[in-house]
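A look at the structure
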Amino acid sequence: MSRKINYMKKELLAELADSSKKYTAQTLSQALSYDQADDFADLVKAIAQLEQVGEIAITSNGTLSLKQNKRYYTGVFTQNARGFGFVKTDELEKDIFIGKGKTNGALQNDEVKVKVTKEAHLANDKSAEGEIAEVLVRHTTRLTGEFTPFNDQDKVDTGFIGSVKPQNHGYDNLTALVKPDGLHPVEGEIVVVDLVDYPDDQHPFAVAGNVIQQIGHKDEPGVDILAILNMFEIPHEFSEEVLAHANEVPESISNNDLQGRKDHRDLLTITIDGADAKDLDDAISLSILPNGHYQLGVHIADVSYYVTEGSPMDKEAYERGTSVYLTDRVVPMLPQRLSNGICSLHPNVDRLTMSAIMEIDHNGGVINYDIHPSIIHSDYRMTYNDVNAIITDKDQALREKYSEITDMLENMASLHEILYNKRVSRGAIDFDSREAKILVDDEGHPTAIEVRERGVGEQMIESFMLSANETVAGHFTKKVLPFIYRVHEQPDEDRMQSFLEFVTAFGIVAKGTKSSIRPKDIQDILREVEGETFQPVVAMMLLRSMKQAHYDIEPIGHYGLAAEDYTHFTSPIRRYPDLIVHRLIHFYEDHARPNAEKQEKMKIKLSDIAEHSSKMERRSVDAERETDSLKKTEFMLDKIGMEFEGIISSVTGFGLFVELPNTVEGLVHISMLKDDYYNFVASHLVMIGERTGKTYRIGDKVTVKVIDVNTDTRDIDFIIVKSEDNVESSALLRQNTRKGGRGNNKGRKGNNRSRRRQQEKQKDGSPKRSEKSASDKPYKKKQKHTGKTGHKKKKSNKKNKKANQKRSFVIRQSKRK
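So, here's what we can say about the structure. Predicted model, so just to flag it, every value in this text is computed and none were measured. Along each chain, residue indices are assigned from 1 in the same order as the chain's sequence is written. Since the coordinates come from a predicted model, pLDDT governs what is reported: local features require at least 70, and pairs of side-chain atoms require 80 or more to be given and counted, while whole-chain, interface and lining totals use all residues. The side-chain values count all of the structure's non-hydrogen atoms but skip hydrogen atoms and water molecules.

Regarding the overall build of the protein
- Going along the chain from the N terminus, every DSSP run of H or I of four or more residues is numbered as a helix, and every run of E of two or more is numbered as a strand. For the protein, the count of helices and strands is 20 helices and 33 strands.
- Per-residue burial over the protein gives 53% buried out of 817 residues.
- Using a 1.4 Å probe, accessible areas were evaluated by the Shrake-Rupley method; residue-level cover was limited to the displayed protein chains. Within the structure as shown, the protein displays about 37,900 Å² of accessible surface, and the carbon and sulfur contribution to it stands at 47%. The buried label goes to any residue with under 20% of its type's maximum accessible area, the exposed label to any with over 50%, and the partly exposed label to all in between, with areas taken from a 1.4 Å probe on protein chains only.

Some details on the sheet that holds strand S12 (residues 206–217)
- Note on pairing: DSSP must find at least two bridges between two strands before they are called paired. Pairing is mixed around the closed barrel formed by 5 strands, whose spatial order is S8-S9-S10-S12-S11. Each adjacent strand pair in this sheet contributes to an overall mean axis angle of 50°, direction not counted.
- With 3 bridges joining them, strand S9 (residues 162–166) and strand S10 (residues 175–178) adopt antiparallel strand pairing. For Val 164, the partnering residue across the bridge sits in S10 and is Ala 176.
- It only takes one pair of heavy atoms within 4.5 Å for two residues to be counted as in contact. The convention used is that axes are lines fitted to C-alpha atoms, helices contributing only their stretch in contact, and that angles between N-to-C directions extend from 0 to 180 degrees. Each of strand S8 (142–149), strand S11 (189–197) and S12 touches helix H5 (residues 223–231); the most contacted strand, S12, lies at about 140° to it.

Observations regarding the packing of aromatic side chains
- Any pair of Phe, Tyr and Trp rings, taking the six-membered ring for Trp, is counted once the centres come within 6.5 Å. Such a pair is stacked with planes under 30 degrees apart, edge-to-face with planes over 60 apart, and tilted for the rest. Scanning the model with the defined rule gives 12 aromatic pairs in all.
- Taking the centre distance of 5.7 Å and the plane angle of 40° together, the rings of Phe 84 and Phe 97 count as tilted. With Phe 84 in the loop between strand S3 (72–79) and strand S4 (85–88) and Phe 97 in strand S5 (residues 96–98), this residue pair connects regions lying 13 residues apart in the sequence.
- Both rings, one in Phe 654 and one in Phe 657, keep their centres 6.0 Å apart while their planes meet at 85°; by these two values the pair is edge-to-face.

Focus on the pairing of S4
- Residue alternation in S4 divides its side chains into a buried set, Gly 85 and Val 87, and an unburied set, Phe 86 and Lys 88.
- Alignment of S3 against S4, held across 4 bridges, turns out to be antiparallel. Its bridge partner lying in S4, Phe 77 is registered against Val 87.
- Pairing geometry for S4 and S5, over 3 bridges, is antiparallel. From the neighbouring strand, Phe 86 faces S5, where its bridge partner is Phe 97.

Notes on the environment of Gly 365
- Examined against the element boundaries, Gly 365 turns out to sit in the loop between strand S19 (350–360) and strand S20 (366–377).
- On the accessibility criterion, Gly 365 (17% relative accessible area) is buried.
- Dropping the residues within four chain positions of it, Gly 365 is found in contact with Glu 359, Ile 360 and Lys 422.

Observations concerning the pattern of salt bridges
- Any Lys or Arg side-chain nitrogen located within 4 Å of an Asp or Glu carboxyl oxygen qualifies as a salt bridge. One pass over the full model with this rule turns up 30 salt bridges.
- In this structure, Lys 262 engages Asp 370 in a salt bridge whose closest nitrogen and oxygen atoms are separated by 2.4 Å. One end of the pair, Lys 262, is in strand S13 (residues 262–263); the other, Asp 370, is in strand S20, with 108 residues separating them in the sequence.
- When its relative accessible area of 41% is taken as the criterion, Lys 262 is described as partly exposed.
- Accessibility expressed as a relative area gives 28% for Asp 370, which makes it partly exposed.
- Overlapping salt bridges bring together Asp 224, Lys 631 and Glu 634 as one network.

Let's talk about the packing of helix H9 (residues 384–391) against helix H11 (residues 403–426)
- At a closest axis distance of 10 Å, the pairing of H9 and H11 adopts a crossing angle of 85°. Our classification of the angle between H9 and H11 gives roughly perpendicular. Contacts from Val 387, Ile 390 and Ile 391 of H9 reach H11 at Thr 406, Leu 409, Glu 410 and Ala 413.
- The classification used treats Ala, Val, Leu, Ile, Met, Phe, Trp, Tyr, Cys and Pro as nonpolar, Asp, Glu, Lys and Arg as charged, and all other residues, Gly among them, as polar. Across the contact of H9 with H11, the residue classes break down as 5 nonpolar, 1 polar and 1 charged. For this classification, under 35 degrees means roughly parallel, over 145 means roughly antiparallel, 65 to 115 means roughly perpendicular, and everything else is oblique.

Structural notes on the pairing of strand S30 (residues 686–689)
- Going residue by residue along S30, you find Val 686 and Ile 688 tucked away on one face and Met 687 and Gly 689 tucked away on the opposite face as well.
- As defined by bridge partners, S30 adjoins strand S31 (residues 695–697) across 3 bridges and the pair is classed as antiparallel. Bridge assignment links Ile 688 to a residue of S31, and that residue is Thr 695.
- Between S30 and S31, which pair antiparallel in sequence order, lie 5 residues; one of them, Gly 693, sits at a positive phi of approximately 75°.

Notes on helix H14 (residues 519–528)
- Residues of H14 that are buried: Pro 519, Asp 521, Ile 522, Gln 523, Ile 525 and Leu 526.
- Tucked into the core, H14 has its buried residues touching H11, helix H13 (493–504) and helix H15 (535–545).

Section: the nonpolar core
- If you look at the biggest cluster of nonpolar residues, it comprises 80 residues, and the most contacted ones within it are Ile 272, Leu 409, Met 412 and Phe 464.
- Top contributing element to this core by residue count: helix H12 (residues 456–479), with 9 residues.
- What counts as a domain boundary in this text is fixed by an automatic or database domain assignment. When residues of this core are assigned to domains, at least three map to each of domain 4 (259–418 + 451–456) and domain 5 (466–632).
- In contact with Phe 464, not counting residues within four places along its chain, are Ile 284, Leu 296, Val 298, Met 412, Leu 415, His 416 and Leu 419.
- Put simply, a nonpolar core is a bunch of buried Ala, Val, Leu, Ile, Met, Phe, Trp, Tyr and Cys residues held in one set by side-chain atoms that sit within 4.5 Å of each other. Core analysis: the second largest hydrophobic core is formed by 54 residues, Met 496, Val 503, Ala 539 and Phe 718 among them.

Notes on the environment of Val 331
- Assignment of secondary structure puts Val 331 in strand S18 (residues 330–331).
- Through-space distance from the C-alpha of Val 331 to that of Leu 229 is 9.2 Å; in sequence the pair is 102 residues apart.
- The residues contacting Val 331, other than those within four sequence positions of it, are Leu 229, Ile 234, Pro 235, His 236, Arg 320, Thr 322, Ser 323 and Val 324.

Remarks on unusual backbone geometry
- In this model, Thr 663 sits at a positive phi of 80°, which is unusual for a non-glycine residue.
- Within the secondary structure, Thr 663 sits in the loop between strand S27 (655–659) and strand S28 (665–669).
- The residue Arg 714 is not glycine, and still its phi comes out positive at about 65°.
- By the element assignment, Arg 714 lies in the loop between strand S32 (701–710) and strand S33 (715–723).

Here we look at the sheet that holds S31
- One open sheet holds the 3 strands; their spatial order is S29-S30-S31, and the pairing between them is antiparallel. The sheet is open, and its two borders are formed by strand S29 (678–681) and S31, each paired with just one other strand. Across this sheet, the average inter-strand angle for adjacent strands is 20°, counted without regard to direction.
- Taken together, the 4 bridges between S29 and S30 define a ladder with antiparallel strand orientation. Looking at S30, one finds that Tyr 678 is bridged to Gly 689.

Focus: the packing of helix H16 (residues 576–590) against helix H17 (residues 596–636)
- Here H16 crosses H17 at 160°, and the two axes come no closer than 10 Å. In terms of orientation, H16 lies roughly antiparallel with respect to H17. For the element pair H16 and H17, the recorded crossing hand is left-handed. Judged by residue contacts, Tyr 576, Pro 577, Ile 580, Leu 584, Phe 587 and Tyr 588 of H16 engage Lys 598, Met 602, Leu 606, Ile 609 and Ser 613 from H17.
- Its residues assigned to classes, the contact of H16 with H17 comprises 9 nonpolar, 1 polar and 1 charged. Each crossing is labelled by how the near helix is turned from the far one, with a counterclockwise turn of less than a right angle marking it left-handed and a clockwise turn marking it right-handed.

Quick word on H15
- Counting buried residues along H15, 9 of its 11 residues qualify, which places the element largely inside the surrounding structure.
- Those residues of H15 that fall on the buried side of the exposure criterion are Val 537, Val 538, Ala 539, Met 540, Met 541, Leu 542, Leu 543, Arg 544 and Ser 545.

Regarding the environment of Val 193
- Within the fold, Val 193 resides in strand S11.
- Among the residues examined, Val 193 registers a relative accessible area of 0% and is labelled buried.
- Once you skip the residues sitting within four places of it in the chain, Val 193 turns out to touch Thr 141, Arg 142, Leu 143, Val 164, Gly 209, Asn 210 and Val 211.

Quick look at the structure:
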């Protein structure tokens, strides 16, 4: 929706509200000076959109008037920790505000029916207000958290045996009361509660249910990760039926398996993975053709040959959607008998594969290709470390050890450079965001946090996988057959506008506009900040402005890669869409072109797979981020009182977020900036002191002291002990400061986690192998590692108030029974 049409909406609504005249579209266009042909066409669009959402009415004779009728909408409810919330609906431009006490028991992400009680006023930029009339679909039916038992008297009085504090996102203020009908856990156990009773208007923060699973005591090794898996409802055990089906798969290849396959066992073929990788699903061959071109072979494990459509393993893989990679474990999409066995391309054994053989010229263009089922015999199992040592460090011992493939590795590096330069020239965005590698001991406790380094080995495998994915996608786009693609849409205009305004604070002027900016324009911005202290922050803010990549049946292209066609073909062991791509290649090779009716049925099925796989991917990413946040706070538990250098990664109304070199991030709350009275200037994303003019902005270097760590909320609190002198005398800043007023002191706890959860966007298109693979006074003294802030009296009063509400709720619940 264009900015021009939005502006027109406000103007015509104001005109209709302030005037007693009767307008038609024609007379209104003249009154607003929109009677030119292009302007009138846009005005008609604005009128049609306002009529569609119920803002205006059009009579039979074409007269326009404001419409005041209350309407019902359906949408998804998002709740704030303070009780109010919003309903997002496709029918309205802005979310409907739901006040506290008007949620009708709706919980986070429930699908609801909402009644509008106060119409939106787009002329004043005000959204509609409403109340939830009905919960249509419950998003959450189970909660995971720590169990606290009631004493004997409370059990008798309430009919409940205890309560659970949920760890699930969006339920920080909710209490789950435990009925006696299920399991009876002990204090401190992490459990799963199946919900039976939901909140009402009198008790909006209480639910009730039965414990259906005891995960383990919170202090037992590995229970924290199991809790996260249950929190996101990620299955981590295979049923007996699935395991039995996996055991039927042979451990070696027979002659019958070779039917219809091209034999590439004579090609010099290698795998390159991390040293600890076990699911080796891609292998590479490379040779130089007589014409000087490269012949690149990307050979991918043919998982679809063993995981047949509709089988128990196929159904389980569909439900999981993807493997989940956590700090100390992998939750695989397929049983290990396949992922680490017959489908893993181990050296010196024959393996069934799907191959993309590409002839690539010296400009990086794929001028010929062949995609087909095959069989290979991998010759070497290489690691990134060894490949980097051979190519970059020229390690003589390793070059002698792998003398047979050293020339091929050098040619691979050269081809990678060609492919990389081609992507850059067309505008592919290289986010190159920092990724943490968390090292843990045998009990799962973090011992170190490192930033993953990507050498030439990682980068060239990335280039080869991207080439294969593009080639396969382009092949089926040309054939106009039902297929599944990986797509990345043009960024949202509002988010991109915010990003462009953000980078102007660093003196950067983008070439494009929010609606027309090209990937190459964004690439220029990243190149301009390269080497600056604020480079990682700009990259992070850019990621947040992007839409999420997802799966679709329409080849709409990939914005981040500047690719017209793209799919996921290279990781069928760990991604279900890749498995489907392989299955489709087999199908189209063995069958005649489907008729129109068959194609339509295939599209419907593929659309469902694309949507479900996208959801499961987001679930996996959320679980991985949650695990990283947990381990990072655990790592910082014994660092309280220690000082670290870092940079300001974000500036908000309630404080500054500071990121340390190891990617750990913490909050300096505004109340801890005690050397001046600071105001938040939203237009410039800075904090500025009223008396000194001192500013804090994104990218500034600071030294911070750790003053609090809370593993329950995943929050780390800092105070600044040293910062660079930065005084901003700009009259504009001071004027905006007076308008903006004091920063928001609320939202101390939970902001770190919620900010990351809401704003982070998944990187796509550059698949890293991790996929696959002092004058300030601190808080009052606290008990060791409790994460308490010392404000005990105030919190205690709040706790007592909640306890009284809970007591009232549980007594009423028990009387119902």
